[in-house]
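Chain by chain, the residues:
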Amino acid sequence: SSDSRLVAGGYGVTRRYYLEPPAFGTTLRLMCESGRCRVNIAGESDPPPLAWDTGGAWELRVDVTPLNGAATPSEAHALRVQGWLRRGDERLALADASILAPGLVIAHGVAAPVRDDGNHALIVALADEGSIEVPAVEVDELLRELHTLPAVPPIELPETLGVTEVRLKPRPVVRLAADPVVSWQPSKVTAAVTFDYDGVIVSGDVTQNALFDEERRRIVRRDLDAERAAREQLYTLGFREEYDYNRSRNMPRLGAARSPKAIASLVSAGWVVETEEGRVRAAGDLELEVASGIDWFELRGGAAFGDTRASLPELLAALRQGRSSVTLSDGTIGILPDSWSERLRALSGVGESGADVVRFTRSQVGLLDALLAAMPAAAVDEQFERARRELRSFETLQPADPPASFNGELRHYQRDGLAWLHFLQRFGFGGCLADDMGLGKT
């Protein structure tokens, strides 16, 4: 029977029992081992006992070869498609099968399991036809049809067809969309997941295990384990399957308040994240440099987000507005890592932001140096490096004497004050010294 069940009965007994496919490897095997299981196919009066094959499961294979003895597919007007069963180095022609049931083949008086992966209809069609002739110009259509099957069997293709088979790691892609606002529940976002196999996009809901990339002439075998692991990442971040009435099926959902942190985690894990505002990009390295002017220092830099860049003032403006992302020039969204937020937030309250730089006065050299200490290594010019080095080497002030041209005598605290004035002058700091007791005595 080609039904999903086998009907079992005895001679002279009218009772009938059905064996479901999961029972083939247990009940049917034990029946065969008893020596009392028989299969009446050709109307024999005394068919021989059916044996059970202990060699393991057979698997479907498909051959595509040139027809009419053509040397290459390009010379053939048609191609022949044939199916057969393989187990290791063994090969069984479908024409030799007496019975083909889902998960089972009986041939030459022996029953054996078949791993058909849901392709039983294809096995039966190939067995019934013996072979299928396909015009050479329709071979791509044939491959497209075969690759809509839930489990595409291995296909042997002539090399001259120029079709290769590849196994690639998928890059998970998630599109987040805000759910309609409902007054009685917190706002949520819904995740639609797809997988990118080097330009071949497949929905996570699609069941076939291989895809035909017609443009690049290749068969892409899916990595279902990697896809499963990627979906598990969503659940560890708090997404939960909930029924979507618009799509009439379950979809991963997350509270909108938790989505910024989830987005940052997904981007860091290598996901492509798309929102209603645009695609989200992960940040590259933060790059900074200091240039000196007459009485100021300019901090320049920024960060790359893929092939797009955000300047330091743009990053600081986003932080001042309380955002953890920045809108890039191409309309995509750049996620700011938490470590950046902590480092850059100190800069957002000091300095003067221009179009491409943040400017600090010379009196802020110590502050700027302290801020840079918590940043990635910044490139600095010679003038800033000298000022920073002198500031770091400073330990204490020694009372200063006035110049020889000074006519008078300074008290000890006035000499300390003069030392401070020299310090301010040396480092370019502003300041003044006031003394309501007079500058000294003659």
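Quick caveat, the model's predicted, so the values are computed rather than measured.

Turning to the overall build of the chain, a few remarks are in order. The number of helices and strands found in the chain is ten helices and 29 strands. Looking at the chain residue by residue over its 442 residues, the buried ones come to 39%. Partitioning the contacts of the chain with sequence separation of at least 6, the portion at a separation of at least 24 is 54%.

Right, let's get into helix α3 (residues 139-146). Among the residues of α3, V139, D140, L142, L143 and L146 are the ones counted as buried. In an axial view of α3, the angular spread of the buried residues amounts to 155 degrees, which keeps them on one side of the axis. Buried residues along α3 sit in contact with β5 (78-87), α2 (120-129), β10 (132-135), β11 (155-156) and β16 (210-213).

Here a ring pair, both rings aromatic, is described through the centre-centre distance and the interplanar angle of the planes. Counted according to the given criterion, the structure contains zero aromatic pairs. The ring of W84 carries R91 above its face, with NZ or CZ at 3.9 Å from the centroid.

One can find T332 in the loop between β25 (325-327) and β26 (333-335). Separated by 3.0 Å, the side chains of T332 and R281 make a polar contact. Setting aside anything within four residues of it in sequence, one finds T332 in contact with R279, R281, V326 and T327.

In this structure the tally under the stated criterion is 27 salt bridges. The shortest N-O distance in the salt bridge between D205 and R249 comes to 2.7 Å. In this pair, D205 sits in the loop between β15 (200-203) and β16 while R249 sits in strand β19 (residues 249-255), placing the two residues 44 residues apart along the sequence. Judged by relative accessible area, D205 falls into the partly exposed class, the value being 49%. Since its relative accessible area comes to 33%, R249 is described here as partly exposed. If you follow the salt bridges from partner to partner, you end up with D179, K188, E242, D244 and R253 in one network.

Within the largest apolar cluster, 31 residues are counted, with the highest numbers of intra-cluster contacts made by L85, V105 and L157. Residue assignment for this core shows that the elements contributing at least two residues are β4 (58-66), β5, β7 (97-101), β8 (104-107), β9 (110-115), α2, α3 and β16. The contacts of L157, once residues within four sequence positions are left out, are V64, L143, V163 and I219. Counting 24 residues, the second-largest nonpolar core is a separate cluster that includes L176, V220, V273 and I335.

Positionally, V220 belongs in strand β17 (residues 218-221). Residue V220 is classed as buried on the basis of its relative accessible area of 0%. In this structure the C-alpha to C-alpha distance between V220 and D198, which are 22 residues apart in sequence, comes to 9.4 Å. Apart from residues no more than four positions distant in its own chain, V220 is found in contact with V166, L168, Y197, V200, N209, A210, L211 and D213.

If you trace the three strands from one edge of the open sheet to the other, you get β12-β17-β16, paired in mixed fashion. On the outer flanks of this sheet lie β12 (164-167) and β16, each paired with one strand and no other. Averaged over all pairs of adjacent strands, the angle between their axes in this sheet comes to 25 degrees, without regard to strand direction.

With respect to the helices, strands and loops of the structure, P170 is situated in the loop between β12 and β13 (171-178). A C-alpha to C-alpha distance of 10.0 Å links P170 and W271, two positions 101 residues apart in sequence.

Attention shifts here to the pairing of β8. The alternating pattern of β8 places L104 and I106 on one face and V105 and A107 on the opposite face, and all of these are buried. Between the end of β7 and the start of β8, which pair antiparallel, lie two residues, with G103 showing a positive phi angle near 85 degrees. Both β8 and β9 contribute to a ladder of four bridges, which runs antiparallel. By the bridge assignment for β9, I106 is matched with A111. Following β8, the chain reverses through two residues before pairing antiparallel with β9; H108 in that reversal takes a positive phi of roughly 55 degrees.

Conventions used here
Residues numbered from 1 in each chain as written. Predicted model: local features only at pLDDT ≥ 70, side-chain atom pairs only at ≥ 80, totals over all residues. Heavy atoms only, no water. Helix = DSSP H or I, 4+ residues; strand = E, 2+ residues; numbered from the N terminus. Buried < 20%, exposed > 50% of the residue type's maximum accessible area, 1.4 Å probe, protein only. Contact = heavy atoms within 4.5 Å. Arc of directions from axis to C-beta. Phe/Tyr/Trp six-rings, centres within 6.5 Å; stacked < 30°, edge-to-face > 60°. Lys NZ or Arg CZ within 6 Å of the ring centre and 35° of its normal. Polar contact = N/O pair within 3.5 Å; in protein donor to acceptor, adjacent residues only side chain to side chain. Salt bridge = Lys/Arg side-chain N within 4 Å of Asp/Glu carboxyl O. Core = buried A, V, L, I, M, F, W, Y, C linked by side-chain atoms within 4.5 Å. Pairing = 2+ DSSP bridges. Axes fitted to C-alpha atoms, helices over the stretch in contact; angles between N-to-C directions.

Any link to function would need more than the numbers given here.
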